Amino acid sequence: QVQLVESGGGSVQAGGSLRLSCAASRKVYCMGWFRQAPGKEREGVATIESDAYTKYVDSVKGRFTISKDNAKNTLYLQMNSLKPEDTAMYYCAAAAVIWCPLGPAPFSSWGQGTQVTVSS
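Computed from a prediction, not measured in an experiment: that's the story for all the values here.

Enquirer: Give a detailed account of the state of the cysteines, specifying residues and quantitative values.
Expert: Tallied over the entire structure, the rule returns two disulfides. Disulfide pairing places Cys22 opposite Cys92 at an S-S distance of 2.0 Å. With the S-S bond torsion at -75°, the cross-link from Cys22 to Cys92 turns out left-handed. With Cys22 in strand E3 (residues 18-24) and Cys92 in strand E9 (residues 88-95), the pair connects residues that are 70 residues apart, well separated along the chain. The burial state of Cys22 is the same as that of Cys92; both residues are buried. Put simply, Cys30 and Cys100 are joined by a disulfide, and their sulfur atoms are 1.7 Å apart. Classification of the bridge connecting Cys30 and Cys100 rests on its S-S torsion, roughly 60°, and on that basis the disulfide is right-handed. One end of the pair, Cys30, is in strand E4 (residues 30-36); the other, Cys100, is in the loop between E9 and strand E10 (107-110), and 70 residues separate them in sequence. The connectivity of the disulfide-linked cysteines in the protein, indexed sequentially, is 1-3, 2-4.

Enquirer: Pulling in residues and values, what's your account of the pattern of salt bridges?
Expert: All told, the structure shown has four salt bridges when counted by the stated rule. Across the pair Glu43 and Arg35 runs a salt bridge, and its minimum N-O distance is 2.7 Å. Its relative accessible area of 6% is what places Arg35 among the buried residues. Of the charged contacts, one joins Lys61 and Asp58 as a salt bridge, the two residues approaching to 2.9 Å between their closest N and O atoms. For Asp58, a relative accessible area of 60% puts it in the exposed group.

About the criteria used
Residues numbered from 1 in each chain as written. Predicted model: local features only at pLDDT ≥ 70, side-chain atom pairs only at ≥ 80, totals over all residues. Heavy atoms only, no water. Disulfide = S-S within 2.5 Å. Helix = DSSP H or I, 4+ residues; strand = E, 2+ residues; numbered from the N terminus. Buried < 20%, exposed > 50% of the residue type's maximum accessible area, 1.4 Å probe, protein only. Salt bridge = Lys/Arg side-chain N within 4 Å of Asp/Glu carboxyl O.

Below is the structure:
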């Protein structure tokens, strides 16, 4: 029961960078980024716990960085070296758990999504 608003999506060429932001209406213990491409299942991209421990899906390790600004209740996803396969709708999500997984099950609050398109 937290409002989440994503921003920062857009269209870039392969190798480019984008930074996504997610503004939350209140503090939450677990937050993450998920993405869904047409015809594919939604997958967890990155999550961050209240102690700043992070987890990433293998396909983005070394390229994406999740971070947060607790004072502003804002979540970020810095995306570098973007590839065409990163093209998807990206969603911010929040869960009331201490141990934050990549799976969607405990996430009960979701943003509207922001589109990321990477061209070759």
